[in-house]
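The primary structure of each chain is shown beneath.
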Amino acid sequence: MKLKINGVTHEVDVDGEMPLLWVLREELDLVGTKYGCGIGACGACNVLIDGVAIRSCLQRVGDVSGDIATVEGTEQDDLLTVVREAWIEKQVAQCGYCQPGQIMTAAALLKVQPSPTDADIDRAFSGNLCRCGTYVRIRQAVRTAATNLASRSGDRERSS
């Protein structure tokens, strides 16, 4: 089957029942997506499919249709780049294990809600666990990314 991941088409010969997480990590060596719980409860394995955050540990690869974005794709995606930069600026990561899933969740939120409130952020991240408890910095980074995206958008409009 063919999968478009981070703008590149990959052909994989795997059972369609295999979770997308294992295809990414074991077949394609895209190890930025983390295995956390395996039951969709923690969000460490979040990737985007057509801009929507999904739990790759639960997503059967045979059911995937659409473009997949992983944390490795931040260089090709302006939104993910801005989110990653905000994460670094706010020093969100402590152990860092859950952060790829957190970053993907932030990108999905900002795609549909460019100016999220704290309640929007809390709701979007309610299924993402951080064992280090960096939730305050995650919220700050999402707000920073939203501000930076709005600023970039305004810069583009002024230069047009």
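Thresholds applied
Residues numbered from 1 in each chain as written. Predicted model: local features only at pLDDT ≥ 70, side-chain atom pairs only at ≥ 80, totals over all residues. Heavy atoms only, no water. Disulfide = S-S within 2.5 Å. Buried < 20%, exposed > 50% of the residue type's maximum accessible area, 1.4 Å probe, protein only. Helix = DSSP H or I, 4+ residues; strand = E, 2+ residues; numbered from the N terminus. Contact = heavy atoms within 4.5 Å. Core = buried A, V, L, I, M, F, W, Y, C linked by side-chain atoms within 4.5 Å. 1 Å grid on protein atoms, 1.4 Å probe; cavity = no way out; pocket = protein on both sides within 12 Å on 5 of 7 lines; lining within 4 Å. Points joined across faces, edges and corners; volume = space filled by probe spheres on them. Nonpolar A, V, L, I, M, F, W, Y, C, P; charged D, E, K, R; others polar. Pairing = 2+ DSSP bridges. Axes fitted to C-alpha atoms, helices over the stretch in contact; angles between N-to-C directions. Parallel < 35°, antiparallel > 145°, perpendicular 65-115°, else oblique. Left-handed = near helix turned anticlockwise from the far one by under 90°.

Engineer: Please provide a residue-by-residue account of the state of the cysteines, values included.
Structural biologist: Across all of its chains, the model carries zero disulfides by this definition. Between C130, a free cysteine, and C98, which holds the nearest cysteine sulfur, the sulfur-to-sulfur gap is 3.8 Å. Judged by its relative accessible area of 6%, C130 is buried.

Engineer: How would you explain helix α1 (residues 20-27) if you had to name every residue and give the values?
Structural biologist: Buried within α1 are the following residues: L20, L21, V23 and L24. Here the buried face of α1 lies against β1 (2-5), β3 (46-49), β4 (52-55) and β5 (68-69). Just beyond α1, the residue with positive phi is D29, at close to 55°.

Engineer: Would you mind going over the nonpolar core in detail, with residue names and values included?
Structural biologist: Core analysis: the largest hydrophobic core is formed by 24 residues, its most contacted members being V83, W87, I103, M104, L110, F125 and V142. The biggest single contributor to this core is helix α3 (residues 99-112), with seven residues. Of all hydrophobic cores here, the second largest spans 15 residues; its members include L20, L24, L30 and V47.

Engineer: Outline unusual backbone geometry, supporting the account with residue identities and numerical values.
Structural biologist: With a phi close to 55°, D29 is a non-glycine residue in the positive phi region. Here D29 shows up in the loop between α1 and β3. In the Ramachandran plot, Q91 falls in the positive-phi region, its phi being about 50° despite a non-glycine side chain. Position of Q91 among the secondary structure elements: in the loop between α2 (78-89) and α3. A residue is classified by how much of its surface remains accessible, and Q91, at 60% relative accessible area, is exposed.

Engineer: Please set out the layout of surface pockets residue by residue, giving values where relevant.
Structural biologist: Approximately 240 Å³ is the volume attributed to the largest pocket. Around the largest pocket, the lining is made up of 15 residues, and of these L48, G51, A69, D77 and L80 lie nearest the centre. Residue assignment for the lining of the largest pocket shows that the elements contributing at least two residues are β5, α2 and α3. Counted by class, the lining of the largest pocket contains six nonpolar, five polar and four charged residues. If you add up the space inside the second largest pocket, you get close to 160 Å³.

Engineer: Would you mind going over the pairing of β4 in detail, with residue names and values included?
Structural biologist: Pairing geometry for β3 and β4, over four bridges, is antiparallel. Residue pairing across strands places N46 opposite R55, the latter belonging to β4. Between β3 and β4, which pair antiparallel in sequence order, lie two residues; one of them, D50, sits at a positive phi of approximately 50°.

Engineer: Which residues make up the packing of α2 against α3, and what values go with them?
Structural biologist: Contact pair α2 / α3: the axes reach a minimum separation of 9 Å and the direction vectors enclose 125°. Relative to α3, the element α2 lies oblique. Handedness of the α2/α3 crossing: right-handed. For the pair α2 and α3, the contacting residues are L79, L80, V83 and W87 in the first and Q99, Q102, I103, M104, A106, A107, L110 and K111 in the second.

Engineer: How would you summarise the environment of D77 if you had to cite specific residues and measurements?
Structural biologist: With respect to the secondary-structure elements, D77 resides in the loop between β5 and α2. Of the residues examined, D77 reaches a relative accessible area of 29% and is grouped as partly exposed. Distance in space between the C-alpha atoms of D77 and I54 is 18 Å, their sequence separation being 23 residues.

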